[in-house]
Amino acid sequence: MRVFKTGLLALLLVAGCGRSVPEDPAAAQAAAVEAARVQSLASQVVTYPKYGDADPHEWDRRPPESYPVHGIDVSRWQTSINWQEARRSGVSFAFLKATEGGDLADPLFDTHRAGAASAGIPWGGYHYYYFCRPAEEQAAWFIKNVPRGAPLPHVLDMEWTPQSRTCRLRPSGSKVRSEARKFLSILEAHYGRRPIVYTTVDFFQDTGIGSLGGTEFWLRSVAGHPQKVYPGARWTFWQYTGTGLVPGIAGKVDINVFRGSPEAWVRWREGR
């Protein structure tokens, strides 16, 4: 009897493997509605924009124009922006300089924030980190100057500052990563979404910042695809030029791509 029961169970299991589990109609309908919603929003994204460049680069791997979703990052150096025109040209997101160190605020942050919001361009603020002040102090300064409600995660900009007149410290990689974790955790607790880390090639190599867990990266690489310049690194945004020419923006501007499709962009910007 024991053999028979075991054999019967095996037959039932094999038979069951040939049948698909009935799908929950309510779940299927909800998934279809969500997919349609995302597709509708994705269809509104201006994809594959063709921007000029004052100092173009010959790309030997996948070029930035092959990515569908592009955006900019700006600071006080971009004094005149027609945000509506920029959006029509294909600017799908903007990262705006907000603060640096523990006592400097970008004087055009509020102007850029209002302009991006009025044009329907999702934005996030970024903080330029100085290693002469503790992470807690710099996080508090950012929070003091940047209100809640940004459509995108904020950004921690970490790079060496050899030209600074006040702070040229180069801490060890372990110290850098420790400070980054503190800053990211404080902002995540306050704003409800973990910031992105922006960095440069030399800083990435010198500090091991890429080993931070649970963190998305925005990588600068103006003379090579990140796959080549940051071998094996994970990234969400790629800053591919600092000399871009975008309709609606007077002068040169940094241009970036998002790594995924328009549908992936919609889900990412919503935090899904």
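Relevant structure appears above.
Residues numbered from 1 in each chain as written. Predicted model: local features only at pLDDT ≥ 70, side-chain atom pairs only at ≥ 80, totals over all residues. Heavy atoms only, no water.

**Topic: the overall build of the chain**
To be explicit about the condition: Helix and strand assignments follow DSSP, with helices taken as H or I runs no shorter than four residues and strands as E runs no shorter than two, numbered in order from the N terminus. Partly exposed describes any residue whose relative accessible area lies between the buried limit of under 20% and the exposed limit of over 50%, with all areas from a 1.4 Å probe on protein chains only and scaled to the type maximum. Contacts were defined at the residue level, with two residues in contact if any of their heavy atoms lie within 4.5 Å. With residues, only the protein chains shown are counted as cover, and all accessible areas are computed by Shrake-Rupley using a 1.4 Å probe. Positive charges come from Lys and Arg, negative ones from Asp and Glu, while His and the chain ends are left out of the count. In this description, the location of a charge corresponds to atom NZ of lysine, CZ of arginine, CG of aspartate or CD of glutamate.
A tally of helices and strands in the chain yields nine helices and ten strands. Projected onto the principal axes, the alpha-carbon positions of the chain cover approximately 85 × 45 × 40 Å. Within the chain, the proportion of its 272 residues that are buried is 46%. For the chain, the proportion of contacts with a sequence separation of at least 24, taken over those separated by at least 6, is 66%. Accessible surface for the chain amounts to roughly 13,900 Å². Of this, 54% is attributable to carbon and sulfur atoms. Of the side-chain charges in the chain, 32 are positive and 26 negative, and the distance between the mean point of each set is 6 Å.

**Things to note about the environment of P64**
Position of P64 among the secondary structure elements: in the loop between β1 (52-53) and β2 (70-74). Residues P64 and S40 lie 24 residues apart in sequence; the distance between their C-alpha atoms is 25 Å. Non-local contacts of P64, meaning those with residues more than four positions away in its chain, are made with W59, H70, W238, Y240 and V257.

**Overview of the environment of K175**
Within the fold, K175 resides in helix α6 (residues 173-191). On the basis of relative accessibility, which here comes to 43%, the residue K175 falls in the partly exposed class.

**Let's talk about the pairing of strand β5 (residues 123-128)**
Formally: We call a crossover right-handed when, viewed with both strands directed away from the observer, the connection leading from the first strand over the helix to the second proceeds clockwise.
Burial analysis of β5 places six of its six residues in the buried class, which makes it a mostly covered element. Here β5 shows no split at all, with W123, G125 and H127 on one side and G124, Y126 and Y128 on the other all buried. This β-α-β element, β5 to helix α5 (residues 135-145) to strand β6 (residues 155-158), shows right-handed connectivity.

**Quick word on helix α9 (residues 262-269)**
Note the threshold: This arc is built from the directions going out from the helix axis to the C-beta atoms.
By the burial criterion, the buried members of α9 are P262, W265, V266 and W268. Along α9, the residues classed as buried sweep out an arc of 170 degrees about the axis, all on the same side. In this structure, the buried side of α9 is in contact with α2 (25-42), β3 (91-100), β7 (196-199), β9 (237-245) and β10 (253-258). Of the residues one or two after α9, G271 is the one with positive phi, at around 75 degrees.

**So, unusual backbone geometry**
A positive phi angle, close to 50 degrees, is found at Y48, a residue other than glycine. Summarising the element assignment, Y48 is placed in the loop between α2 and β1.

**What to know about the packing of α5 against α6**
Short version of the rule: Lines are fitted to the C-alpha atoms to define the axes, a helix being fitted only along its stretch in contact, and any angle between axes, read from their N-to-C directions, falls within 0 to 180 degrees. Crossing handedness: left-handed means the near helix sits turned counterclockwise from the far one by under a right angle, and right-handed means the same turn made clockwise. In this count, Pro and Cys sit with the nonpolar residues alongside Ala, Val, Leu, Ile, Met, Phe, Trp and Tyr, while Asp, Glu, Lys and Arg are called charged and the others, Gly among them, polar.
Across the interface, α5 lies against α6 with an axial gap of 9 Å and an inter-helix angle of 30 degrees. Read as a crossing pair, α5 and α6 show a hand that is right-handed. Across from A135, E136, Q138, A139, F142 and I143 in α5, the residues of α6 making contact are E179, K182, F183, I186, L187, H190 and Y191. Within the contact of α5 with α6, the residues separate by chemical class into eight nonpolar, two polar and three charged.

**Overview of the packing of aromatic side chains**
Our working definition: In summary, the pairing rule links any two rings of Phe, Tyr or Trp, Trp by its six-membered ring, whose centres are within 6.5 Å, and it sorts them by plane angle into stacked for under 30 degrees, edge-to-face for over 60 and tilted for everything else. Two conditions define a charge sitting above a ring: the NZ of Lys or the CZ of Arg must be within 6 Å of the ring centre, and it must be within 35 degrees of the ring normal.
One pass over the structure, following the stated rule, counts 27 aromatic pairs. Taking 6.0 Å as the distance between ring centres and 75 degrees as the angle between the ring planes, the aromatic pair formed by F109 and W123 counts as edge-to-face. Of this pair, F109 sits in helix α4 (residues 109-118) while W123 sits in strand β5; the two residues are 14 residues apart in sequence, bridging distant segments of the chain. Both residues of the pair, F109 and W123, belong to the buried class. Among the aromatic residues, those joined into a ring-pair cluster are F93, F95, Y198, W218, F237, F258, W265 and W268. Sitting over the ring of Y67, R62 keeps its end group 3.6 Å from the ring centre. The aromatic ring of Y128 is capped on one face by K97, whose charged end is 5.3 Å from the ring centroid.

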